[in-house]
Amino acid sequence: MKLKAVIIATFILSAYCQAYAEVVRFEDLPNLVHANNRLIKAANANIRAYNERSPFLNQSFLPNFTASTGRQLLAKSEGNNLGAGQAFRLETYVNLYNGGRDSLEEQIRQSMRDVASAELLKESAQQLLSARRLFWQLVAIKSLMDLNERAINAARVYLKSAKTRIDHGIATQSDLIQFELQSDTLIQDQKRLLLELDIAKSQLAVIIGSPDHVSLEVNEQLTHPNHDRVNLTPKQISDNPDVGILRRRADALRYQELQLRTSWKPQLDAFSDFGQPTYIDRDARVGSDRREWFLGLRMRIDLADSLTDQRESKARLSQALATELRLEDTQARVDAFIHELQSEIPLRHELLHDAVRNEQRAESLLKLVADEYNRGIRNAAELLSASEQRLNASRRLIEQTRDFYLTESQLASLSGT
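Asks: Is there a simple way to explain the packing of helix α2 (residues 29-36) against helix α4 (residues 101-167) in this structure?
Replies: For any two helices packed against each other, one specifies the crossing angle of their axes together with the interaxial distance. Where α2 contacts α4, the axes come no closer than 10 Å and their chain directions differ by 130°. By the angle between their directions, the pair α2 and α4 is classed as oblique. The element α2 and its partner α4 pack so that their crossing is right-handed. Across the interface between the two elements, L29, P30, V33 and H34 of α2 pack against S124, Q127, L128, A131, R132 and F135 of α4. Partitioning the contact of α2 with α4 into residue classes produces 6 nonpolar, 3 polar and 1 charged.

Spelled out as C-alpha cells, the structure:
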C-alpha cells in the first residue's frame, strides 16, 4: 500500500505543477537553445572578441607619434655654475611598406573570426541535438508511464477477477499472489520512470536555460513519423560544423605561414623628426636656440627575427598540412556517418511498422486469453504471460518510435541545424 500511496501522491503533485508548467514544444527548441544556452552565449562572446580585433589593415597605415621633453644641466669647468637648457623632440613615422605582412595579418584575423563562427555553429548544433534527444526521451518516458498506468489498472481488474474465482472455488490463492506480484513490479517500474523523468527534465532545463525543471512539461506525442526520406544536400554536408572548423583553422595556418615567410622583406617607413637638441648635441656655431627638422625614409630588417620567423614558417606549414589531413579524415567520417544514418532511418521506419503489427497481435491475444480466463479455460500464468507480451510489445513500439526521432535528430545535427 505504501508504494501505491507514493505513486498517487506523485501524480497529485505532478497535476498541481502542471497548472504552472512551462510547456516546451519541439519547434520551440531552436529558439530556446539559441536564446538561453550559456555555452552558445559564450561562443557568441568569443565572436565579438574577434570582431573587435578586425579590421587591421587600415589602421596599420595610421601615423605613430613620439614626443619627449626635458632640461639638461651642464657645467663647462669646475668653477663655473651649472647651465640649464631646455630640449624637446617630436617624432612621427608612417608605414609605407611592410612586405605584405599587414594584409596577411588582416586575413589571419578574419580566418580566426571564421573559426569562432564555425565553433558557434558546432556548439549550437551540439546543444540543439542534446535538447532534441532529451525532448524525445521525455516524451517516451511519459508514454511509458501512461502505458504502465494502464497496465496497473489492468492488474487491478485481474486481481478482482482472481478473488471472484477464488470465492467460487475455481482458482487458488496462487493466482492472487501472481497478480499482486505483477502489480507491485509495475508500480516499482513506475517509480523508476518518475526518477528518469525528473533527471531528463533537469538536464533539458540546463540546456534551454529554464530556471525550474520541476514545472517543465513537453507538449508532444510519439506519433507515427512520415514516410519522407531525409536527405542532406551537398551544401548541408559541406556546412558540417566539424568540417568547417578544421577548414578555417587550416586557412589561418596557411596565412600565418605566408606572413612569417615575408620576414626577409624590409619594412619601409616615412618619418619626420623635429626638436631642439640637448647641450651635448648642439653646435656652438649655430647657437643655443637651434631647431632641427628632418624628413626622410627609413628601412629596417631584423636578421635575427627573420631567421626565427623562417623556422616558424616551416612549423606553421607542417601544422597546416596536419590540419588538412584531419580535415580530409573528418569529411570522410562525416560522409560515412551520414550514409549510415540515411540507411538506418528506412530500417527504423520498417521496424516501426513491425512493432505496430506486433502490438496489435499482442492486444488481440490478451483479449482472447483474458476472456478464456474469465470462463475458466485459462489459468493465471497464461493470462500473465499474455499481459507481459502485450506490455512488452507496446514498450517496444514506444522505444522504436523514440529511436527513430533520435536518429532523425542526429542526422539533422550533422548539417549544423
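Asks: Looking at this structure, I do not really get the nonpolar core. What am I missing?
Replies: Nonpolar side chains tend to gather and get buried jointly when the protein is soluble and globular. Counting 54 residues, the largest nonpolar core has L29, V33, F135, W136, L204, I208 and L222 as the members making the most contacts within it. For this core, the elements supplying multiple residues, two or more each, are α2, α3 (38-52), α4, α5 (173-208), β4 (216-218), α7 (241-261), α8 (303-374) and α9 (380-413). In contact with L222, not counting residues within four places along its chain, are W136, V139, A140, S143, I398, T401, R402 and Y405.

Asks: Teacher, can you tell me more about α9 here?
Replies: Counting along an α-helix, one turn takes 3.6 residues, and residues three or four places apart therefore face a common direction. Taking 1.5 Å as the rise per residue, α9 with 34 residues should run 50 Å; its terminal C-alpha atoms sit 49 Å apart, in good agreement. Its side-chain oxygen at 3.2 Å from the backbone nitrogen of A381, N379 defines the N-terminal cap of α9.

Asks: Looking at this structure, I do not really get the packing of aromatic side chains. What am I missing?
Replies: Note on aromatic pairs: each is described by the distance of the centres and the angle between the planes. This model, assessed by the stated rule, comprises 9 aromatic pairs. Ring geometry for F26 versus W136: centroids 5.0 Å apart, planes at 40°, classification tilted. With a gap of 110 residues between them, F26 in the loop between β1 (22-24) and α2 and W136 in helix α4 connect regions that are remote in the sequence. By way of ring pairs, the aromatic residues F26, F135, W136, F404 and Y405 are connected into one cluster. Of note, R53 hangs over the ring of Y50, and the distance from its end group to the ring centre comes to 5.1 Å.

Calculation criteria
Residues numbered from 1 in each chain as written. Predicted model: local features only at pLDDT ≥ 70, side-chain atom pairs only at ≥ 80, totals over all residues. Heavy atoms only, no water. Axes fitted to C-alpha atoms, helices over the stretch in contact; angles between N-to-C directions. Helix = DSSP H or I, 4+ residues; strand = E, 2+ residues; numbered from the N terminus. Parallel < 35°, antiparallel > 145°, perpendicular 65-115°, else oblique. Left-handed = near helix turned anticlockwise from the far one by under 90°. Contact = heavy atoms within 4.5 Å. Nonpolar A, V, L, I, M, F, W, Y, C, P; charged D, E, K, R; others polar. Core = buried A, V, L, I, M, F, W, Y, C linked by side-chain atoms within 4.5 Å. Buried < 20%, exposed > 50% of the residue type's maximum accessible area, 1.4 Å probe, protein only. Expected span 1.5 Å × (residues − 1). Polar contact = N/O pair within 3.5 Å; in protein donor to acceptor, adjacent residues only side chain to side chain. Phe/Tyr/Trp six-rings, centres within 6.5 Å; stacked < 30°, edge-to-face > 60°. Lys NZ or Arg CZ within 6 Å of the ring centre and 35° of its normal.

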